[in-house]
Amino acid sequence: DEPPHEEHDMYDEVNCCLAGVFAQAGWIKGVLNRSVRKDGFIEAIRGDPHRKVWILDLSMVEPDDADLADVGEALPAQLLQFTLSCRRCEQVNDAGLAALAGHLPGSLQ
């Protein structure tokens, strides 16, 4: 058996995919802690080369317009399906929705 490669192109791709998975898992907590940007979640989701679907339920965390803008910035260009729930999100208004809409990728079906 050969020892594993210390570097390989696929390592970077796998790391980007894993970062996206962890960012999605931590997004809700990041909204609650106001740390989505600090934690690098936007770049991690956007940088996940295989992310085609993102389902996000913010209805229990009372997001505001800035939170929706963060979601919009995170949307990867290759995304095919995006589901966002903002039921009972009273702090979200037209500005937040416009910020999100301005980032919707053309790839969505």
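Residues numbered from 1 in each chain as written. Predicted model: local features only at pLDDT ≥ 70, side-chain atom pairs only at ≥ 80, totals over all residues. Heavy atoms only, no water.

Visitor: Which residues make up the side chain of Asp65, and what values do they have?
Guide: The topology assignment puts Asp65 in helix α3 (residues 65-74). Buried and unpaired, Asp65 has Arg34 as its nearest opposite-charge partner, separated by 9.9 Å. A polar contact of 3.1 Å, which involves the side chain of Asp65, links it to the backbone nitrogen of Gly96. In this structure Asp65 touches Gln91, Val92, Asn93, Ala95 and Gly96, once residues within four positions along its chain are discounted. (Helix = DSSP H or I, 4+ residues; strand = E, 2+ residues; numbered from the N terminus. Buried < 20%, exposed > 50% of the residue type's maximum accessible area, 1.4 Å probe, protein only. Lys, Arg positive; Asp, Glu negative; His and termini not counted. Salt bridge = Lys/Arg side-chain N within 4 Å of Asp/Glu carboxyl O. Polar contact = N/O pair within 3.5 Å; in protein donor to acceptor, adjacent residues only side chain to side chain. Contact = heavy atoms within 4.5 Å.)

Visitor: Give a detailed account of the packing of α3 against helix α4 (residues 94-101), specifying residues and quantitative values.
Guide: Where α3 contacts α4, the two axes come as close as 7 Å, and the packing angle between them is 5°. Between α3 and α4, the interaxial angle falls into the category roughly parallel. Taken together, the residues of α4 that come into contact with α3 (itself represented by Asp65, Leu68, Ala69, Val71 and Gly72) are Ala95, Gly96, Leu97, Ala99 and Leu100. Along the lines of polarity and charge, the residues of the contact of α3 with α4 split into 7 nonpolar, 2 polar and 1 charged. (Axes fitted to C-alpha atoms, helices over the stretch in contact; angles between N-to-C directions. Parallel < 35°, antiparallel > 145°, perpendicular 65-115°, else oblique. Nonpolar A, V, L, I, M, F, W, Y, C, P; charged D, E, K, R; others polar.)

Visitor: Hey, could you go over the packing of aromatic side chains for me, with residue numbers and the actual values?
Guide: In total, this model carries 3 aromatic pairs according to the counting rule given. Consider the rings of Trp27 and Trp54, whose centres lie 5.1 Å apart with planes at 75°: the pair is edge-to-face. Taken together, the residues span a long stretch of sequence, with Trp27 in helix α1 (residues 9-33) and Trp54 in strand β1 (residues 53-57) at a distance of 27 residues. An identical accessibility class is assigned to Trp27 and Trp54; each is buried. Ring plane angle 50° and centroid distance 5.7 Å describe the contact between Trp54 and Phe82, whose orientation is recorded as tilted. Here Trp54 is found in strand β1, whereas its partner Phe82 is found in strand β2 (residues 81-85), with 28 residues between them in sequence. Trp54 sits in the buried class, given a relative accessible area of 0%. Exposure remark for Phe82: the relative accessible area of 19% places this residue in the buried category. Through pairs of rings, three or more aromatic residues link up here, namely Trp27, Phe41, Trp54 and Phe82. (Phe/Tyr/Trp six-rings, centres within 6.5 Å; stacked < 30°, edge-to-face > 60°.)

Visitor: Residue-level account of the pattern of salt bridges, with values.
Guide: Applying the stated criterion to the full structure yields 6 salt bridges. Among the salt bridges present, the one from Arg37 reaches Asp70, with a minimum N-O distance of 3.0 Å. Taken together, the positions of Arg37 in the loop between α1 and α2 (41-46) and Asp70 in helix α3 put the pair 33 residues apart, joining distant regions of the chain. For Arg37, a relative accessible area of 46% translates into the label partly exposed. Across the pair Lys38 and Asp39 runs a salt bridge, and its minimum N-O distance is 3.8 Å. Connected via shared salt-bridge partners are Arg34, Asp64 and Asp67.

Visitor: Can you break down unusual backbone geometry residue by residue, with the values?
Guide: A negative phi angle is the norm for most residues apart from glycine, just as the trans form is the norm for most peptide bonds. Here the phi dihedral of Glu62 falls at roughly 50°; this positive angle occurs in a residue that is not glycine. We note that Arg88 has phi near 60°; this positive angle belongs to a residue other than glycine. Classification of Arg88 by relative accessible area gives exposed; the value is 56%.

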